Amino acid sequence: MPSEKNAIYKDPGGKLNIALVYPNTYWVGMSNLGLHTVYSHLNAHPGIVCERFFLDMQLSIEHSRPLQDFHMIAFTIPYELDWINAVKILIENKIPVKRMDRKSGPIVIAGGPSITLNPEPIADSMDALFLGDGEGFAEKLHESFFDSGDMNEFLERLSSARGIYVPSFTYPKVSDDNAITSFVGPRPIISVTNPLDSPAHTAIITSETVFGDMFMIETARGCPWKCKFCSAKAVYSPYRPAPLDVVENLFDKVLGSGLKLGLVSSALNDHPKADDMYSMITRKGLKIAPPSLRIGRITDGLIELLRYSKVRGVTLA
Ligand code: SF4
């Protein structure tokens, strides 16, 4: 088992047991802020226990339990290529890949940026899909699960929440030449956490991951530039900067950890208090790892922070 700090160990008795599955390796998955965020929010609910699984760790990290032990399997899938791994994990755990072939066993759901962009390719495998931000679903999942007598009732209750796409209720009409012509059923609306008063950040610290030398903090979600080709615009709009006092409290978690501060934002310098934020970071003595930076938006304050942090290379976009 990997060496970790701040993992959550809860008694599963009497609670909704959710297996949170990242369909790639532990090394890759533990650098994904979406995984950290969903894990924290689900476990913050007193009636839910959430344990993690990865492609290379198919017993839960927390209690070495098998996937079939859980009421619900929740895939978090940022990238389309990992859909293949999600299917592989179902097969390896003897869970029928097609929703129609499952008569019992765990409920299978999925969310993440790749699902928000286009849920359709994997819709036949999922009982429900989550579109948009992942923060607000814990209570709805818990209540729908415990108040329902069967799967259909569960899905009916769940689908009343914003961001829920139930493929058995909403599905495409396909023409003879295999093109989607329209959709049948209610049109799901993407879930948006606004204001961003609880930005995503590292919840579990481990060195055994790509960004293991940093504590990541989201300073804004979305991007004000709205380039038409950009998936970040499609998935994360509207642009929501995190309040400076909230961000400062998170910065304090990095103090004394020996980790770099990984700033996460599509448009770091567009934060309305960007220069105040940079001064605050320097005052606290933190060193940063910056995200890619937009050309034309590099301020003196940012250059000074990069110099102070001894950053030797940046990605300009
Ligand atoms: S500036 Fe970058 S992140 Fe923002 S919308 Fe354009 S391409 Fe996307």
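Residues numbered from 1 in each chain as written. Predicted model: local features only at pLDDT ≥ 70, side-chain atom pairs only at ≥ 80, totals over all residues. Heavy atoms only, no water.

## Some remarks on the overall build of the chain
The following threshold applies: Secondary structure counts use DSSP, requiring at least four H or I residues in a row for a helix and at least two E residues in a row for a strand, with both numbered from the N terminus. Our radius of gyration looks at C-alpha atoms and nothing else; its globule reference is 2.2 Å times the residue count to the power 0.38. Working definition: with a 1.4 Å probe on protein chains only, accessible area under 20% of the residue-type maximum means buried, over 50% means exposed, and in between means partly exposed. The contact definition used throughout considers only heavy atoms, calling two residues in contact when any of these lie within 4.5 Å. Using a 1.4 Å probe, accessible areas were evaluated by the Shrake-Rupley method; residue-level cover was limited to the displayed protein chains. Charge counting treats Lys and Arg as positive and Asp and Glu as negative, with His and both chain ends excluded. Charged groups are reduced to one reference atom each: NZ for lysine, CZ for arginine, CG for aspartic acid, CD for glutamic acid.
Check the secondary structure of the chain and you find 10 helices and 13 strands. For the chain, the C-alpha radius of gyration of 20 Å lies close to 20 Å, the compact-globule estimate for 317 residues. The C-alpha extent of the chain, read off along each of the three principal axes, is 60 × 45 × 30 Å. Within the chain, the fraction of its 317 residues that count as buried is 50%. Long-range pairs, those at least 24 residues apart, make up 67% of the contacts in the chain between residues at least 6 apart in sequence. Within the structure as shown, the chain displays about 15100 Å² of accessible surface, and the carbon and sulfur contribution to it stands at 54%. For the chain, the separation between the mean place of its 32 positive charges and that of its 35 negative charges on side chains is 5 Å.

## Digging into the side chain of Thr209
The cut-off we apply is this: Any N or O atom pair separated by 3.5 Å or less is treated as a polar contact, with the protein-specific requirement of one donor-capable and one acceptor-capable atom, and with residues adjacent in sequence counted only for side-chain atom pairs.
When you line up the elements, Thr209 lands in the loop between strand S8 (180-184) and strand S9 (214-218). Reaching out from Thr209, the side chain makes a polar contact with the backbone oxygen of Trp27 at a distance of 2.7 Å.

## A word on the environment of Arg102
If you trace the backbone, Arg102 turns up in the loop between helix H3 (82-92) and strand S4 (107-111). Residue classification places Arg102 among the buried positions, given a relative accessible area of 12%. Distance from Arg102 to Asp252, taken between C-alpha atoms, is 47 Å for residues 150 residues apart in sequence. Excluding its chain neighbours within four sequence positions, the residues that come into contact with Arg102 are Leu90, Ile95, Pro96, Val97, Val108, Ser125, Met126 and Asp127.

## A few points about the nonpolar core
The following threshold applies: Remark: nonpolar core denotes a set of buried residues (Ala, Val, Leu, Ile, Met, Phe, Trp, Tyr, Cys) joined through side-chain atoms within 4.5 Å.
Within the largest apolar cluster, 33 residues are counted, with the highest numbers of intra-cluster contacts made by Ile18, Leu42, Met72, Ile109 and Leu141. Breaking this core down by element, the ones donating at least two residues are strand S1 (16-22), helix H2 (33-44), strand S2 (48-54), strand S3 (72-76), S4, strand S5 (128-130), helix H5 (138-147) and helix H6 (151-158). Setting aside residues up to four positions removed in sequence, Leu141 forms contacts with Leu16, Ile18, Leu42, Met72, Ile109, Phe130, Phe154 and Leu158. By size, the runner-up hydrophobic cluster in this structure holds 24 residues, among which are Phe215, Phe251, Leu305 and Leu306.

## Details of the domain arrangement of the chain
Note the cut-off: For each domain, the first and last residues come from an automatic or database assignment. Here the quantity called buried area is the accessible surface, traced with a 1.4 Å probe, that two parts lose on coming together, added over both.
Segmenting the chain into domains produces domain 1 (16-184) and domain 2 (214-308). Between the C-alpha centres of domain 1 and domain 2 the distance comes to 30 Å. In this complex, domain 1 contributes 7 residues to the contact, which on the side of domain 2 involves 9 residues. Around 690 Å² of area is buried between domain 1 and domain 2 when both sides are counted, 62% of it from carbon and sulfur atoms. In terms of surface lost to domain 2, no three residues of domain 1 exceed Leu33, Leu117 and Asp133, which account for 60% of the buried area on that side.

## A look at the packing of helix H8 (residues 244-254) against helix H9 (residues 274-283)
What counts, and what does not: Axis definition: a line fitted to C-alpha atoms, over the contacting stretch in the case of helices. Angles run 0 to 180 degrees between N-to-C directions. Working rule for angles: under 35 degrees goes down as roughly parallel, over 145 as roughly antiparallel, 65 to 115 as roughly perpendicular, anything else as oblique. Take the far helix as the reference: if the near one is turned anticlockwise from it by less than a right angle, the crossing is left-handed, and if turned clockwise, right-handed.
Remark: H8 packs on H9, axes separated minimally by 11 Å, with the N-to-C direction vectors making an angle of 25°. Our classification of the angle between H8 and H9 gives roughly parallel. Considering the relative orientation of H8 and H9, their crossing is right-handed. For the pair H8 and H9, contact is made by Leu244, Val247, Glu248 and Phe251 and by Asp276, Met277, Met280 and Ile281, respectively.

## Topic: the sheet that holds strand S6 (residues 164-165)
The cut-off we apply is this: Two strands make a pair as long as DSSP finds a minimum of two bridges between them.
With respect to topology, 6 strands assemble into an open sheet ordered S2-S1-S3-S4-S5-S6, the strand pairing being mixed. With one partner strand each, in any of the chains shown, S2 and S6 form the two edges of the open sheet. Where S1 lies against S3, 4 bridges are found, and the strand directions are parallel. Within S3, the position partnered with Val21 by the bridge is Phe75. Contacts between H3 and the sheet are confined to S1, S3 and S4, with S3 contributing the most and set at about 160° to the helix. H6 rests against S3, S4, S5 and S6 of the sheet, and its axis sits at about 25° to S5.

## Overview of the site of the ligand
To be explicit about the condition: Working definition: residue near molecule or strand if any one of its non-hydrogen atoms lies within 4 Å of it. Only Asp, Glu, Lys and Arg are considered charged, only Ala, Val, Leu, Ile, Met, Phe, Trp, Tyr, Cys and Pro nonpolar, and every remaining residue, Gly among them, polar.
Around the ligand, the neighbouring residues are Cys223, Trp225, Lys226, Cys227, Phe229, Cys230, Ser266 and Arg294. Of the residues in the shell around the ligand, the class split is 5 nonpolar, 1 polar and 2 charged.

## Quick notes on the packing of aromatic side chains
For the record, the criterion: Two aromatic rings, drawn from Phe, Tyr or Trp (for Trp, its six-membered ring), form a pair once their centres lie within 6.5 Å of each other, and the interplanar angle then sorts them: stacked below 30 degrees, edge-to-face above 60, tilted otherwise. Two thresholds decide whether a charge sits over a ring: the Lys NZ or Arg CZ must be within 6 Å of the ring centre and within 35 degrees of the ring normal.
Evaluation of the coordinates by the stated rule reveals 5 aromatic pairs. Seen in terms of ring centroids, Tyr22 and Phe54 are 6.4 Å apart; in terms of plane orientation they differ by 40°. Their pairing is tilted. Of the two residues, Tyr22 is situated in strand S1 and Phe54 in strand S2; the sequence distance between them amounts to 32 residues. Measuring from centroid to centroid gives 4.5 Å for Phe130 and Phe137, while their planes differ by 85°, and the two rings are edge-to-face. Since its relative accessible area comes to 7%, Phe137 is described here as buried. Between Arg52 and the ring centre of Tyr39, over which it is positioned, the NZ or CZ distance is 5.0 Å. Of note, Arg65 hangs over the ring of Phe70, and the distance from its end group to the ring centre comes to 4.1 Å.

## Side note on helix H10 (residues 300-308)
Since there are 3.6 residues in each turn of an α-helix, residues three or four apart along the chain are aligned in direction. As a reminder, the rule being used: Throughout, the arc means the angular range of directions from the helix axis out to the C-beta atoms.
Within the span of H10, buried status applies to Leu302, Leu305 and Leu306. The buried residues of H10 occupy an angular sector of 100° when projected down its axis, which confines them to one face. Within H10, the exposed residues directed more than 90 degrees away from the buried face are Asp300 and Arg307. Looking at the buried residues of H10, the elements they touch are H9 and strand S13 (288-289). Note on H10: the residue one or two positions beyond its end, Lys310, has a positive phi of about 55°.

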